[in-house]
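Breakdown of the fold
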Amino acid sequence: MARYDRAITVFSPDGHLFQVEYALEAVRKGNAAVGVRGTDTIVLAVEKKSTPKLQDSRSVRKIVNLDDHIALACAGLKADARVLINRARIECQSYKLTIEDPVTVEYITRYIAGLQQKYTQSGGVRPFGLSTLIIGFDPHTGTPSLYQTDPSGTFSAWKANATGRNSNSIREFLEKNYKETSGQETLKLAIRALLEVVESGGKNIEVAVMTKEHGLKQLEEAEIDAIVAEIETEKAAAEAAKKAPSTRET
Amino acid sequence: MMKIDFSGLDPAAPIKGRTDELCGDILATPSFALPTTHDFDGFQKAAVQMVKPAKGTTTLAFIFKDGVMVAADSRASMGGYISSQSVKKIIEINPYMLGTMAGGAADCQFWHRNLGIKCRLHELANKRRISVAGASKMLSNILYSYRGMGLSVGTMIAGWDEKGPGLYYVDSEGGRLKGTRFSVGSGSPYAYGVLDSGYRFDLSVEEAAELARRAIYHATFRDGASGGVASVYHVGPNGWKKLSGDDVGELHYMYYPVEPTSVEQEMTEVSVA
């Protein structure tokens, strides 16, 4: 087995590309990222490791713009992310220049996934060690979309998804609690999902909301704290409601 | 040795960046070596000059309230020799887009066909039709990359997309203009005269077709390099439709029928005395 895991361009006898799978491991070690699609709002929420006191937190934005109507968050190797993001941003403008229309979310996702795939089929390179969550509104129809790509170069559309640390538990939570939401409800669902695996508090989460009219809006720490507080009270109320009938019986 | 860049003939690759070293031979574009003359610039100039007179044609297109009207003649001339009276100068790129031919016939036919392929590939990849703006830009980018190499193309791309009727003029210098009225070719001054004086945005389809037909006819009357058949096409929301193809000789007698004149001196049979 060890013989088949060095070079990316070599299949193992049982059909694995080990470098790609190791890249997925790198993603699993990255910070948690959640994306939720609503009817008129799409939300990205990313776990923020505690910032060292001397670090300027504004220089480590984890949710970035690819164009006015498309945003991206990722989990995995941040340096690799920078390269992919730059190429995607150039492609967005190049497309606009040749086709005279903004890119669709599906197009730029396909482009990023295509780039990731290319690096799994060439000599002397390694795959990008990150999975991305791409959100945006279609410039023609205005429908919201959420896509995910991974190091193997596959991509698909999602109603809600998570990647990075503990993404399985977040996805389980989303599967249990997802319903079509809009506006503030979508935002709360995303934050609730992330809070399943992340310590509560505005300084541990980075949240951005995209709407058709206002584009991408990064939330301030205070705003996040307020919503987290709202979620906590709702949770406490739900717990109390559950406990109340049983106490009456005894 | 220089090589011509044929990347315009690529199937639409998802990655557009050329600086990617990973492509290597996989996406290598077909190319052939250029002639090894002493004076390549002179050779280029001579090649361009050889093709230049061939923009002997009249084509026109205009946008009106019901879409785009496209019309052209059908004469091909080589200097003073009329090589064909039945050339199809309106090229069907796809069911909702037309291109006109002026300049080198082979150049126009080939690159329009190539554009049709690229439009279809765009549709398949993106699940939506390409806009007229996008298609015309693809063509003009390709023509720009061959700038100075002797291509002779003066074309109009007419179509109907989500934004409504679209009309662009694209030429082999690499120029691209968006507009509502264009005429291209040696007969265009004559066509413009008729077209500009008769044009109104709110023409009906029949009126617009008649205007286009008359403009082509008048151009063929005065311009020796235009003639044959005046074809008229209409591009509407459901695609293009050929409306008519009338021989310009017959059109002449339709517009200017021969009046029977009174005879001044009649020749009568003189009976043999």
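The structure this text deals with has already been given above.
Everything in this summary refers to the structure shown in the same document. Computed from a predicted structure; not experimentally measured.

Section: the interface of chain B and chain A
Counting residues at the interface gives 21 residues for chain B and 20 residues for chain A. Carbon and sulfur atoms make up 47% of the area that chain B and chain A hide from each other, which totals about 1,700 Å². Counting every contact that joins chain B to chain A gives three salt bridges. With a closest N to O distance of 3.4 Å, Lys 137 of chain B and Glu 100 of chain A form a salt bridge. The interface formed by chain B and chain A contains six residue pairs in polar contact (both at pLDDT 80 or more). Listing elements by their share of the side of chain B that touches chain A, those giving two or more residues are α2 (105-126) and α3 (132-145) of chain B. The element that contributes the greatest number of residues to the side of chain B that touches chain A is α3 of chain B, accounting for four residues. Its residues assigned to classes, the side of chain B that touches chain A comprises eight nonpolar, five polar and eight charged.

Describing helix α2 (residues 78-99) of chain A
Its 22 residues give α2 of chain A an end-to-end C-alpha distance of 31 Å, which sits within 8% of 32 Å, the value for a rise of 1.5 Å per residue. Within α2 of chain A the residues assigned to the buried category are Asp 80, Ala 81, Leu 84, Ile 85, Ala 88, Glu 91, Cys 92, Tyr 95 and Ile 99 of chain A. Along the axis of α2 of chain A, the buried residues cluster in a sector spanning 130 degrees; they form a single face. Looking at α2 of chain A, the residues exposed on the side facing more than 90 degrees away from the buried face are Arg 82, Ile 90 and Leu 97 of chain A. Where the residues of α2 of chain A are buried, they touch β3 (63-67), β4 (70-76), α3 (105-118) and β5 (130-137) of chain A together with α2 and α3 of chain B. Positioned one or two residues after α2 of chain A, Glu 100 of chain A has a phi angle of 60 degrees, which is positive.

Some words on the sheet that holds strand β7 (residues 155-157) of chain A
Residues and elements named next belong to chain A. Spatially, β3-β4-β5-β6-β7 is the arrangement adopted by the five strands of the open sheet, whose pairing is antiparallel. Where the open sheet ends on each side, the last strands, each with one partner, are β3 and β7. In this sheet, adjacent strand axes meet at a mean angle of 25 degrees when their direction is disregarded. With four bridges joining them, β3 and β4 adopt antiparallel strand pairing. Looking across to β4, one finds that Ile 63 is bridged to Ala 73.

What counts as what
- Residues numbered from 1 in each chain as written.
- Chains lettered and ligands numbered in written order.
- Predicted model: local features only at pLDDT ≥ 70, side-chain atom pairs only at ≥ 80, totals over all residues.
- Heavy atoms only, no water.
- Contact = heavy atoms within 4.5 Å.
- Buried area = accessible area lost by both parts, 1.4 Å probe.
- Salt bridge = Lys/Arg side-chain N within 4 Å of Asp/Glu carboxyl O.
- Polar contact = N/O pair within 3.5 Å; in protein donor to acceptor, adjacent residues only side chain to side chain.
- Helix = DSSP H or I, 4+ residues; strand = E, 2+ residues; numbered from the N terminus.
- Nonpolar A, V, L, I, M, F, W, Y, C, P; charged D, E, K, R; others polar.
- Expected span 1.5 Å × (residues − 1).
- Buried < 20%, exposed > 50% of the residue type's maximum accessible area, 1.4 Å probe, protein only.
- Arc of directions from axis to C-beta.
- Pairing = 2+ DSSP bridges.
- Axes fitted to C-alpha atoms, helices over the stretch in contact; angles between N-to-C directions.

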